[in-house]
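Structural characterization, general
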Amino acid sequence: MTTETDLIRNIALVGHQGNGKTTLAEAMLFRAGVVTRPGRVESGNTVLDTQPEEHDRTQSLTLGLASFSWGDYRINLLDPPGYADFVGDATTALRVADVAVFVIDGVSGLQVNDELLWQVAGERSIPRILFVNKMDKERASFDVVLAGIRDHFGWGVEPVDLPVGEASAFTGVADLLTEHVILYDSGSANTSDELPADIADREHEQHEHLVEDVVEIEDDLLSKYLDGEDISVAELEHALRAGFAAGSLWPVLCGSAVDAIAVDRLLDFVCRIAPAPSEVPGIEVHGDGVAEVRCDPSGDPLAYVFKTQTDEYVGQVALVKILSGTVHADDVLVNQRTGAKERLHNLLRVLGSKHTAIDTAEAGDIVGAIKLTDVSTGDTLAPIGSSLTVPPIVHRRPVYGIAVAAESAGDEDKLATALAELVSDDPTLEVTRDSETHQTVVRGAGDVHVQVALTRLKRRYGVTLQTEPVKIAYRETLLGTVETEGRHKKQSGGHGQFGVATVRFEPLPRDEGYEFVDETRGGVIPKSLIPAVGKGIAESMGRGGRHGFPLVDLRATVLDGKHHSVDSDDFSFRMAGALALRAAIDKVGTLVLEPVDHVEVTVPSALQGDVMADLGRRRGQIEGTEPAGDGEITVIASVPTSEVTDYPVALRSMTHGRGRLALSFKCYQERPEPR
């Protein structure tokens, strides 16, 4: 019995920026009758680019969802951005989709993000289709692009279409399975079994190659083929579907999103070949151990919030994939992160920024939900009493930062709330407060990611921001051991202030912190007041040394002192400790320490020398290299933090987007004196 789950197809359109993913999505919606006229990215009127920032930049900047019908099927189309800074959304789309359609530029061929996202899809073992787009453009070449794809991805890449004409002469495709040709005239598709003479011989040759490759998937079919028996189209398609699901074959189709040529062919092919949610392996969940949850409409309800977005009219919209069971409007599930009950007041069918209320959603479906109390990206919604939780997606740690502050004091609370909501919607962003530099820092995957987030923050929350570069948290330590006296005496009539402390200061090894020792004898300072000396020294360390940076790695040993039975108090000895430290700084001076980052740069092997030379210019110490697979290598180094604040942007330029960067704090070391 066919269920609604069996007729769902969850598709992610992925690929490099500018390959035409959003235009292809628009063409699909047009062919499906959802829109009467395809929108244009340049005009800012597409269904899936809904944010003003997307219209301003004429590019996708956030994950879009369009749910629509194609014949008997329900298609949930996920359209993530193609720009490298927003790879987190593409990774998310590949987490919840059951098939990936890689949109490849028919002119430029395979590009950086195509390759990077192919790796991500491979790690998840998601079936992949390639659609060579822009076959109507000048200099488009299906053969050249196909050869490039095979060079990178291997001979599992299998064309199932051939273009009929190229560039301005592109009019349709030849189906290598059926050996029919589908021609398009003013948007109408006409199917014929008469191949154009100029491609007939080549089509027959490619058909035979396809048959030879496909029959090897099933032993019975191979035996039949070797015995000289005819192989039906249905048998070929069945074997192709099995190879596709197993990840041994990756079909290649072609067309034009702008002219909607072969877009209907792509939709038909995906519905026939791609697996239903019930046919993919179950998802791993954690609870009392690790378990697998299959996509079963009759199972216990389990839902995963893979994205939250803020809509100016309805508030927060949670995009949810139903992993198991059947969910009804007004059902109550538990947010496993907070432990709070969430009533699903409204379930929505999502079409860009348009929402249609629905009553139920079966396992495998992707829907929206609004009016939830406290839900963030990555949350699991489960039945009351369940311990099951879906492991969240682990994104790369953000590496590019900008410091922000509210322009007016009245906006400070608003800014804090706005930043928290931004991070809730986009967990690839990070907001931290640096206690040493007193800056609030917003970090993202790159400069564009952060700038878009701040633009969105200003528009959505009305906060006027000041921005500045991230300050480096330098520190200081004493240059040597010294003994000094701190004397605080104040008499202005009545009760005065008096405290004297003799202290030995000595530097400690890196990262040892602050150590206070009492070696006084004979009650020269009352025991109750000795801690005040240490507190005064600690406070003075925080106020900074000769260069204004906090002092660290210091042992202070109080040796002697004097007190007055009436005028000595806690404050007096705090001042004595602070004055002793000031005197020590004046006598021996301080050394400036700078933070150093552990840096890992992954690039194609051919770029290893360029990266190592550039890190050397940044005062980096190369610690080694490690193979990263797929012809890549990871360069490992220690580099001063001040030298890598702009490195994400520089690395992208130097490697043409092929470099990946990981940064983490390592230690403090002596900063060389400026020449």
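1. Here we look at the overall build of the chain
Assigned secondary structure in the chain consists of 15 helices and 36 strands. Its C-alpha atoms give the chain principal-axis dimensions of roughly 110 × 60 × 50 Å. Burial analysis of the chain (675 residues in total) assigns 52% to the buried set. Accessible surface computed for the chain: about 29,500 Å², of which carbon and sulfur atoms make up 48%. Treating the 63 positive side-chain charges of the chain as one cloud and the 105 negative ones as another, the clouds have centres 12 Å apart.

2. Here we look at the sheet that holds strand 10 (residues 188-192)
Taken together, the four strands give an open sheet; going across it, the order is 7-8-9-10, and neighbouring strands pair in antiparallel fashion. Both outer strands of the open sheet, strand 7 (161-164) and strand 10, are each paired with one neighbouring strand and no more. Averaged over neighbouring strand pairs, the angle between their axes works out to 25 degrees when direction is ignored. Strand direction decides the pairing type here: strand 8 (residues 172-175) and strand 9 (residues 180-185), joined by four bridges, are antiparallel. Residue pairing across strands places D175 opposite H180, the latter belonging to strand 9. Helix 9 (residues 263-273) contacts strand 7, strand 8, strand 9 and strand 10 of the sheet and is inclined by roughly 135 degrees relative to strand 9.

3. A closer look at the pattern of salt bridges
Side chains that carry opposite charge are capable of pairing whenever their charged atoms lie near each other. Counting across every chain of the model gives 36 salt bridges. One salt bridge connects D89 with K307, and the closest N-O pair in it is separated by 2.9 Å. Here the residue D89 occupies a position in helix 3 (residues 87-96), and K307 occupies one in strand 14 (residues 302-311), the gap between them amounting to 218 residues. Between E632 and R660 there is a salt bridge whose closest N-O contact spans 3.0 Å. Of this pair, E632 sits in strand 35 (residues 632-640) while R660 is found in strand 36 (residues 660-670), placing the two residues 28 residues apart along the sequence.

4. Focus on the sheet that holds strand 24 (residues 400-406)
Taking strand neighbours across the sheet as the criterion, the four strands line up as 25-26-24-27 in an open arrangement whose pairing is antiparallel. The open sheet has two edge strands, strand 25 (430-434) and strand 27 (465-468), and neither has a second partner. Taking each pair of neighbouring strands and ignoring which way they run, the sheet shows an average axis angle of 35 degrees. Note: strand 25 against strand 26 (residues 439-444), five bridges, orientation antiparallel. Across the sheet, R433 pairs through a bridge with T440, a residue of strand 26. Its contacts with the sheet place helix 11 (residues 447-461) against strand 24, strand 26 and strand 27, and it is angled at close to 20 degrees to strand 24.

5. Details of helix 4 (residues 112-124)
For helix 4, spanning 13 residues, the distance from its first C-alpha to its last is 19 Å, which sits close to the expected 18 Å at 1.5 Å a residue. By the burial criterion, the buried members of helix 4 are V112, N113, D114, E115, L116, L117, W118 and A121.

6. Quick notes on helix 8 (residues 233-246)
Given a rise of 1.5 Å per residue, 14 residues ought to cover 20 Å, and the 20 Å separating the end C-alpha atoms of helix 8 matches this to within 8%. Among the residues of helix 8, those classed as buried are L236, E237, A239, L240, G243 and F244. Within helix 8, the buried residues cover an arc of 165 degrees as seen down the axis, which keeps them to one side. In helix 8, the exposed positions that point more than 90 degrees away from the buried face belong to A234, H238 and A246. Of the residues flanking the end of helix 8, it is G247, one or two places downstream, whose phi is positive at about 80 degrees.

7. Some remarks on the packing of aromatic side chains
Taken as a whole and assessed by the stated rule, the structure comprises six aromatic pairs. Ring geometry for W118 and W250: centres 5.1 Å apart, planes at 85 degrees, overall edge-to-face. Pair noted here: W118 is in helix 4 and W250 is in strand 11 (residues 250-254), with a separation of 132 residues, a long-range link. With relative accessibility at 7%, the residue W118 sits in the buried group. A relative accessible area of 12% means that W250 is categorised as buried.

8. What about a negative patch on the surface?
The grouping of E208, E212, D213 and E216 at the surface amounts to a negative patch. Tracing the backbone through its elements, the reader meets E208 in helix 6 (residues 197-215).

9. Section: the side chain of T477
Looking at the element boundaries, T477 is found in strand 28 (residues 475-478). At a separation of 3.0 Å, a polar atom in the side chain of T477 contacts the main-chain carbonyl oxygen of V552. From its side chain, T477 meets the backbone oxygen of D553 in a polar contact 3.3 Å long. Dropping the residues within four chain positions of it, T477 is found in contact with P507, R510, V552, D553, G589, T590, L591 and L593.

Basis of the calculations
Residue numbers here run from 1 along each chain, matching the order of that chain's written sequence. With the structure being a predicted model, the display of local features is reserved for residues of pLDDT at least 70 and the display and counting of side-chain atom pairs for 80 or more, all residues being used for whole-chain, interface and lining totals. The side-chain numbers reported here are obtained from all heavy atoms of the structure, hydrogens and water having been left aside. Runs of E in the DSSP output that reach at least two residues are strands. Runs of H or I that reach at least four are helices, and both are numbered from the N terminus. The buried label applies to any residue whose accessible area, calculated with a 1.4 Å probe on protein chains only, is under 20% of its type's maximum; exposed applies above 50%, and partly exposed to all values in between. Areas reported here follow the Shrake-Rupley algorithm with a probe of radius 1.4 Å; residue values treat only the protein chains shown as occluding. His residues and chain termini do not enter the charge count, which takes Lys and Arg as positive and Asp and Glu as negative. Lys charges are placed at NZ, Arg charges at CZ, Asp charges at CG and Glu charges at CD. If DSSP finds at least two bridges between two strands, the strands pair. The convention used is that axes are lines fitted to C-alpha atoms, helices contributing only their stretch in contact, and that angles between N-to-C directions extend from 0 to 180 degrees. Contact criterion: two residues are considered in contact whenever any of their non-hydrogen atoms come within 4.5 Å of each other. Every case where a carboxyl oxygen of Asp or Glu lies within 4 Å of a side-chain nitrogen of Lys or Arg is listed as a salt bridge. Expected helix span is computed as 1.5 Å times (number of residues minus one). The arc in question is traced by the directions running from the helix axis to the C-beta atoms. Between 30 and 60 degrees the pair is tilted, below 30 it is stacked and above 60 it is edge-to-face, where a pair is any two Phe, Tyr or Trp rings, Trp via its six-membered ring, whose centres lie within 6.5 Å. For patch detection, residues must exceed 30% relative accessible area and be free of salt bridges, and they are connected within 9 Å for like charges or within 5 Å for nonpolar side chains (Val, Leu, Ile, Met, Phe, Trp, Tyr). N or O atoms within 3.5 Å of each other form a polar contact, as long as, within protein, one can give a hydrogen and the other can take it, and as long as residues adjacent in sequence are counted only when both atoms are side-chain atoms.

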